[in-house]
Amino acid sequence: MNRDDFPILNSGVIYFDNGATTFKPKCVVEAVKAYYEDYTANAHRGDYDNSLRVDKMYEEVRNKVRNLINAEKDEEIVYTKGTTESINMVVFGYLAKKLKKGDEVLLSKSEHASNVLPWIILQEKIGIVIKYIPLREDFSLNDDLIEDMINEKTKVISLAHVTNVIGDVRNLQKIGDICKKHNLLFIVDAAQSIGHLKVDVQECNVSFLAFSAHKMLGPTGIGVLYGKYDLLKEMDPLTYGGGMNAFFEADCSYELKDVPWKFEAGTQNIAGVIGMGRAIDYILEIGFDKIHQHEMKLKNLAIQELKKIPNIKIYNEKTESGIVTFNIDKVFSQDTAVFLNRFKIAVRSGNHCAKILKDEIGITNTCRASFYLYNTEEEVMALVAALKRQDEVYDHII
Amino acid sequence: MDMDEKMKRDIILEHYQSPFHKGIDVEENYIKVNSRNASCVDNINVAALIEDGIIIDARFEGDACAICTSATSVMIKTLIGKTLPEAEEIITNFENMINEKDYDSSKLGELNVYDTVYRQPNRKTCALLPFRAMRDIISRKND
């Protein structure tokens, strides 16, 4: 759907790497371009027309994000570079001072590096304990076992909404309720879900939520950290400088600005913010239901057709997101990806930054086709047709 | 060395599907190093036995793509029996070939089958990975 909005598709590329980043519609590119060409100014600085216009747009996008995820206040929306920075800010700006040695954090082995490595570093620094919620046989999260893992030392559950390899959709409502019952912080990595599924932070009792704009049709280098207002108040910035202080004096007295501005030191990615705002509008104009239905139609077609091809192993047949993870038997995933590239089909190969998932699925790497709204059934059939020619892999790649 | 593309492909495929000296079950006096490609998960261990300045034996294990696996296999086959200066000369020439610099193809023997890998920039690291491991082994021996 909406293919005319994406000029890059005219190149003939069949782009199935939407889990890594998405294409940008013309309207997003134009919004970014207009800021640079028509009204460049810094935010929160000047009293002249363009600066005031930028201020207004910069803060209006906060409101758009708030509505997107149903936050309670605009001030709960902090602009960041993306999901990774957002999670790091929570771990090192908040939990580093709130958690004590022996406190337990629950993750899963299918988390992205950005939701594992900061915790490993915190374990090294202050001695927290990381525990992994078990996965089911189909590699989805076994949320029935979460409560059994909780004890008086458990303080945090930090999980992806949708995982980036298996694509299982976690039941945020159920996990949020568990967190509420046991008074735990609930951190959600929404990188893979934000452009695909409706997220409601209040309904699901989410304490912190992180996402990147570039995975939802927006620019790179801009993302969001949502935090409940009271939690953000207590969180320390990791970066200090201009734009985030109320005053500082030679005697070393200082005062920081209020939430969220105390987290936005230095000139921000204003063009990115504006582009992200336009991307949100675009997605909401189409609607999450329509996007999800479209992705599932593509996924179901892919599964149905790939199962007919010999030697194709699919790892996530049943998950409710537009991600299909597969391998050709006895062919290294990168070789498959390079082969598919000969047909202008872009898939991702490797471990997809989920480096401990191999403990669970028993193989280190896979090919991932991740679909989005502009993909078509014809494109899926082109993937199927290419994989039917698997005997030719080495003729093409060597 | 002048080979047609089909012959090169057959050699690479042969080394990928039936690698030379794959599987490490060696004694303590072997030097063993890991070499991995962070972006695409090629991940190999190379072990070598060096005595009196000569590479007596080398083996490898790991999980890697066709280019990386076969290049490791061909490298090991080529380097066994070579003195360390000879091995370093071969490694340097191979690296230069992959990185599109001047090189002496007469030093490379069967390794010349990778002389077109530079056309696929994303495969360069795959081909170079075992050579990085062997350089590491040689520098440890020299220490």
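This one's a predicted model, so the numbers in the text were calculated from it and none came from an experiment. (Residues numbered from 1 in each chain as written. Chains lettered and ligands numbered in written order. Predicted model: local features only at pLDDT ≥ 70, side-chain atom pairs only at ≥ 80, totals over all residues. Heavy atoms only, no water.)

**Regarding unusual backbone geometry**
Only a minority of non-glycine residues have a phi that is not negative, and only a minority of peptide bonds are not trans.
Next up, step 1: With an omega of 5°, the peptide bond between A:V259 and A:P260 qualifies as cis.
Next up, step 2: Summarising the element assignment, A:P260 is placed in the loop between strand 10 (254–256) and helix 8 (270–286).
Next up, step 3: Here B:H21, not a glycine, exhibits a phi torsion of approximately 60°, which is positive.
Next up, step 4: Mapped onto the elements, B:H21 comes out in the loop between helix 1 (5–17) and strand 1 (31–36).
Next up, step 5: Note on B:H21: relative accessible area 23%, which makes it partly exposed. (Helix = DSSP H or I, 4+ residues; strand = E, 2+ residues; numbered from the N terminus. Buried < 20%, exposed > 50% of the residue type's maximum accessible area, 1.4 Å probe, protein only.)

**A word on the sheet that holds strand 3 (residues 54–63) of chain B**
Strand pairing in a sheet takes place through backbone hydrogen bonds and is either antiparallel or parallel in direction.
All names here are of chain B.
Next up, step 1: With antiparallel pairing, the 3 strands of this open sheet are ordered in space as 1-2-3. Strands with a single pairing partner mark the edges of an open sheet, and in this sheet they are strand 1 and strand 3. Along the sheet, successive strands turn relative to each other by an average axial angle of 20°, direction set aside.
Next up, step 2: Here strand 1 runs beside strand 2 (residues 43–51); their pairing, made up of 6 bridges, is antiparallel. Directly across from K32, in strand 2, lies its bridge partner A47.
Next up, step 3: Along the sheet, helix 4 (residues 121–142) contacts strand 1, strand 2 and strand 3; its crossing angle with strand 1, the most-contacted strand, is approximately 145°. (Pairing = 2+ DSSP bridges. Axes fitted to C-alpha atoms, helices over the stretch in contact; angles between N-to-C directions. Contact = heavy atoms within 4.5 Å.)

**Some points on the pairing of strand 7 (residues 208–212) of chain A**
Two faces belong to every sheet, and in a regular strand the side chains alternate between them.
Residues and elements named next belong to chain A.
Next up, step 1: Counting buried positions along strand 7 yields 5 of 5 residues, so the element is predominantly enclosed.
Next up, step 2: Of the two faces of strand 7, the one holding F208, A210 and S212 and the one holding L209 and F211 are both buried throughout.
Next up, step 3: Inspection of the sheet shows strand 6 (residues 185–189) paired to strand 7 by 3 bridges, in the parallel sense. The residue bridging V188 from the neighbouring strand is L209, located in strand 7.
Next up, step 4: Here strand 7 runs beside strand 8 (residues 223–227); their pairing, made up of 5 bridges, is antiparallel. Within strand 8, the position partnered with A210 by the bridge is L225.

**Here's the deal with the interface of chain B and chain A**
It is common to give the size of an interface as the accessible area lost on bringing the parts into contact.
Next up, step 1: Listed as interface residues are 17 residues of chain B and, on the opposing side, 15 residues of chain A.
Next up, step 2: Taking both partners together, chain B and chain A bury about 1,400 Å²; carbon and sulfur atoms supply 51% of that area.
Next up, step 3: Of all residues in chain B, B:R9, B:V41 and B:R123 bury the most surface against chain A, accounting for 35% of the area lost on that side.
Next up, step 4: If you look at where chain B meets chain A, you find 1 salt bridge.
Next up, step 5: Here A:D335 ties to B:R123 by a salt bridge, and the two come within 2.6 Å at their closest N and O atoms.
Next up, step 6: Our count for the contact surface shared by chain B and chain A stands at 6 residue pairs in polar contact (both at pLDDT 80 or more).
Next up, step 7: Residue contributions to the side of chain B that touches chain A peak at 5 residues, all from helix 1 of chain B.
Next up, step 8: Considering only residue class, the side of chain B that touches chain A consists of 10 nonpolar, 3 polar and 4 charged. (Buried area = accessible area lost by both parts, 1.4 Å probe. Salt bridge = Lys/Arg side-chain N within 4 Å of Asp/Glu carboxyl O. Polar contact = N/O pair within 3.5 Å; in protein donor to acceptor, adjacent residues only side chain to side chain. Nonpolar A, V, L, I, M, F, W, Y, C, P; charged D, E, K, R; others polar.)

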